[in-house]
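Examining the three-dimensional arrangement
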Amino acid sequence: NNPFQFLITSIQSKLPSAGTTIFTVMSALAVKHNAINLGQGFPDFPMNEELVSLVTEAMMNGHNQYVHMCGLPLLRERLAEKVEGLYGQQINPDTDITITPGGTYAIYTALTTILQPGDEVILFEPAYDSYVPNIEINGAIAVPIPLVFPDYAIDWNVVRAKITPRTKAIILNSPHNPTGSVLSETDIEQLRLTVKDTNIIIISDEVYEHLIFDQKKHLSILRYPDLMERSFVCFSFGKVYHCTGWKLGYCIGPANLMKEFRKVHQFNCFTCNSPMQVALAAFLTKKEPYLELGSFLQQKRDYFAGLMKQTPFEPLPSYGSYFQLYSYKNISDLPEQAFAEWLTEKGGVATIPVSAFYKVPVENQVVRFCFAKKESTLESAVQKLLAIS
Ligand code: PMP
Ligand code: GLN
């Protein structure tokens, strides 16, 4: 008897098969059952105090009005310097970088910029959960290709077999959420062969660029001028400075693509918050905070893995990101979603079922743990896991 029912039935859902994102579902379940949240990816340790002070200072100094719609010019200059230092690529801060409210928005905007109804986009599953809805909301078609279990490697022969005249883009994500796999030089070579003589655009999600372990090198698309020419490369400050709640990131691409990206961006959020951009521009002159991130998180991965050895969970390798997958096949026959719910309710530890990262769920009896936590949090979580196993 809802008098407004007519309103609901009069709209056609843009995303008829979408529910609530798994990160929100599992975080809410963790709160409900007072479980330790190793599900949604966010650090539980404090961010750098100097950076917090720089934001306060920026506000006190009056940086509280709109900045340029493409982002604070000084921040874009500093990012261009960073990119040249890390990846040897000269980019023009005026034309090739746009500051966005987070990495997810950058990916969404890139897809919206290039997609027409009926276009196809290749992505690799398990995939970060926003990609498929971001494609479908544009009337385009997601073409998921499974990463090969248990290494989660790309089978480039399958990729080539899936390319059609309608293939508009390929989405890459390295270091990879949720598996922690990373692209190799062979992958880059295969990518190059695959897109050669096509108009395929690459959307490269590199939000975990610094979270890479075991002396591996992050193979940013920005290292390869021939690939960069056809790419949108997306980043997130939230992952670099332990401030996921700031929701600030950026997209880098060649001027001709970026020009179209900015047309979409200007009528969506127009510009991002100013004091954080002023603070980040000042803080970016320091390299240690981002250069030390990989070893800092590698220690966390290893600390957690050491504790997990006491449990029947079996690790799959993680070479980057905040995450590691663990198999629970020695513990339960439940499907992943049911196991993750059970573990939250009865075991007191929230994780993310990897099946949630597929358009059509695939079951491998693995769940994703986020190890970007204080040691005490990881210890308490493993105590709880020991109690159920
Ligand atoms: N891509 C991947 C793979 C992620 O894990 C995240 C983390 N949320 C993002 C993009 C987006 O980050 P942001 O919070 O900056 O939107
Ligand atoms: N990127 C984070 C994760 O994978 C969470 C992002 C979100 O909650 N949307 O857990």
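Above this text sits the structure in question.
Reference entry: report on the structure contained in this document. Small disclaimer: the values here were computed from a predicted structure and weren't measured. (Residues numbered from 1 in each chain as written. Chains lettered and ligands numbered in written order. Predicted model: local features only at pLDDT ≥ 70, side-chain atom pairs only at ≥ 80, totals over all residues. Heavy atoms only, no water.)

1. Focus on the site of ligand 2
Rules: Put simply, a residue is near a molecule or strand once any heavy atom of it comes within 4 Å of that molecule or strand. For the purposes of these results, a polar contact is taken to be a pair of N or O atoms within 3.5 Å, where, inside protein, one atom must be able to donate a hydrogen and its partner to accept one; residues adjacent in sequence count only when each atom of the pair is a side-chain atom. Accessibility throughout is a Shrake-Rupley quantity obtained with a 1.4 Å probe, and a residue counts as covered only by protein chains that appear here. Three residue categories are used. Nonpolar comprises Ala, Val, Leu, Ile, Met, Phe, Trp, Tyr, Cys and Pro, charged comprises Asp, Glu, Lys and Arg, and polar comprises the others, including Gly.
All residues in the neighbourhood of ligand 2 are listed as Phe23, Gln40, Gly41, Tyr128, Asn177, Tyr208, Lys239, Phe323 and Arg368. In the model, a nitrogen atom of ligand 2 is placed 3.4 Å from a nitrogen or oxygen of the lysine 239 side chain. Take arginine 368: an N or O atom from its side chain is 2.6 Å from an oxygen atom of ligand 2. Considered on its own, ligand 2 offers 290 Å² of accessible surface; in the complex 80% of this is hidden by protein. Within the shell around ligand 2, the residues separate by chemical class into four nonpolar, three polar and two charged.

2. Concerning a negative patch on the surface
Note the threshold: Here the term patch refers to residues with relative accessible area over 30% and no salt bridge, with like charges joined within 9 Å and nonpolar side chains (Val, Leu, Ile, Met, Phe, Trp, Tyr) within 5 Å. Salt bridges, as used here, are contacts in which a Lys or Arg side-chain nitrogen is within 4 Å of a carboxyl oxygen on Asp or Glu. For the purpose of charge, His is not counted, nor are the chain termini; Lys and Arg are scored as positive and Asp and Glu as negative. Here the site of a charge means NZ on Lys, CZ on Arg, CG on Asp, or CD on Glu. Where helices and strands are cited, they refer to DSSP runs of H or I of at least four residues and of E of at least two residues respectively, numbered from the N terminus. Burial classes: relative accessible area under 20% of the type maximum marks a residue as buried, over 50% as exposed, and values in between as partly exposed (1.4 Å probe, protein chains only).
A contiguous patch of negative charge, built from Glu77, Glu81, Glu84 and Asp94, is present on the exposed surface. The topology assignment puts aspartate 94 in the loop between helix H4 (73–87) and strand E2 (97–100). By relative accessible area, aspartate 94 is classed as exposed at 55%.

3. Side note on the pairing of strand E10 (residues 323–327)
Taken residue by residue, a regular strand's side chains alternate between the two faces of the sheet. Rule in force here: Strand pairing is assigned whenever DSSP detects at least two bridges linking the two strands.
Burial analysis of E10 places five of its five residues in the buried class, which makes it a mostly covered element. Neither face of E10 is open: one carries Phe323, Leu325 and Ser327, the other Gln324 and Tyr326, and all of them are buried. Pairing of E10 with strand E13 (residues 366–370), which is carried by five bridges, proceeds in the antiparallel orientation. Opposite tyrosine 326, over in E13, you have valine 367 as the bridge partner.

4. So, the site of ligand 1
In the vicinity of ligand 1, the contacting residues are Gly102, Gly103, Thr104, Tyr128, Asn173, Asn177, Asp205, Val207, Tyr208, Ser236, Lys239 and Lys247. In the environment of ligand 1, a nitrogen atom lies 3.3 Å from a nitrogen or oxygen atom belonging to the side chain of lysine 239.

5. Quick look at the sheet that holds strand E5 (residues 167–173)
This is how it is decided: Note on method: axes are straight lines fitted to C-alpha atoms, helices fitted across the in-contact stretch only, with angles between N-to-C directions ranging 0 to 180 degrees. Pairs of residues are marked as contacts when any of their non-hydrogen atoms sit within 4.5 Å.
If you walk across this open sheet you meet the seven strands as E2-E8-E7-E6-E5-E3-E4, and the pairing is mixed. The strands lining the two open edges of the sheet, one partner per strand, are E2 and strand E4 (141–146). Put simply, the sheet's adjacent strands are angled 20° from each other on average, direction ignored. Pairing geometry for strand E3 (residues 120–125) and E4, over six bridges, is parallel. For isoleucine 122, the partnering residue across the bridge sits in E4 and is valine 143. The strands touched by helix H11 (residues 255–266) within the sheet are E2, strand E6 (201–205), strand E7 (231–236) and strand E8 (249–252), with E2 carrying the most contacts at an inclination of about 25°.

6. Describing the packing of aromatic side chains
Stated formally: Stacked, edge-to-face and tilted labels apply to pairs of Phe, Tyr and Trp rings (six-membered ring for Trp) whose centres lie within 6.5 Å, assigned for plane angles under 30 degrees, over 60, and everything in between, in that order. Any Lys NZ or Arg CZ found within 6 Å of a ring centre and within 35 degrees of that ring's normal is scored as a charge over the ring.
A full pass over the atoms with the stated rule returns 22 aromatic pairs. With centroids separated by 6.0 Å and ring planes inclined at 90°, the aromatic side chains of tyrosine 66 and phenylalanine 270 adopt a geometry described as edge-to-face. A residue pair is termed long-range when its members are at least 10 positions apart, and tyrosine 66 in the loop between helix H3 (49–60) and H4 and phenylalanine 270 in the loop between H11 and helix H12 (274–283) qualify at 204 residues. Ring plane angle 55° and centroid distance 6.1 Å describe the contact between phenylalanine 213 and phenylalanine 371, whose orientation is recorded as tilted. Of this pair, phenylalanine 213 sits in the loop between E6 and helix H9 (225–228) while phenylalanine 371 sits in the loop between E13 and helix H16 (375–388), and the two are 158 residues apart along the sequence. Among the aromatic residues, those joined into a cluster by ring pairs are Phe304, Phe313, Tyr326, Tyr328, Phe339, Trp342 and Phe369. In this arrangement the basic side chain of lysine 82 is found over the ring face of tyrosine 290, its NZ or CZ atom lying 4.2 Å from the centre.

7. With respect to the pattern of salt bridges
Within this structure, the stated rule accounts for 11 salt bridges. With a shortest N-O distance of 2.8 Å, lysine 263 and glutamate 260 are connected by a salt bridge. With lysine 263 and glutamate 260 both in helix H11 and three residues apart, the pair spans about one turn of that helix. Take lysine 263: its relative accessible area is 42%, and that puts it in the partly exposed class. Taking relative accessible area as the criterion, glutamate 260 reaches 36% and is therefore assigned partly exposed. One network of salt bridges, in which partners are shared, links Glu189, Arg192 and Asp226.

8. Points about H12
Judged by how many residues are buried, H12 sits mostly within the fold: nine of 10 residues are covered. Those residues of H12 that sit buried are Ser274, Pro275, Met276, Gln277, Val278, Ala279, Leu280, Ala281 and Phe283. On its buried face, H12 is in contact with H3, H4, E2, helix H10 (237–240) and helix H13 (288–291).

9. A short note on the environment of aspartate 187
Within the secondary structure layout, aspartate 187 lies in helix H8 (residues 185–195). For the pair aspartate 187 and leucine 79, spaced 108 residues apart in the sequence, the C-alpha separation amounts to 26 Å. In contact with aspartate 187, other than residues within four places in its own chain, are Ile154, Trp156 and Val182.

10. Some points on the packing of H4 against H12
Rules: We call a crossing left-handed when the near helix sits turned anticlockwise from the far one by less than a right angle, and right-handed when that turn is clockwise.
Packing of H4 against H12 brings their axes to within 8 Å, and their N-to-C directions diverge by 35°. Judged by the twist between their axes, the crossing of H4 over H12 is left-handed. Residues Leu74, Leu75 and Arg78 of H4 form the contact with H12, whose participating residues are Gln277, Leu280, Ala281 and Ala282. Looking at the contact of H4 with H12, its residues break down into five nonpolar, one polar and one charged.

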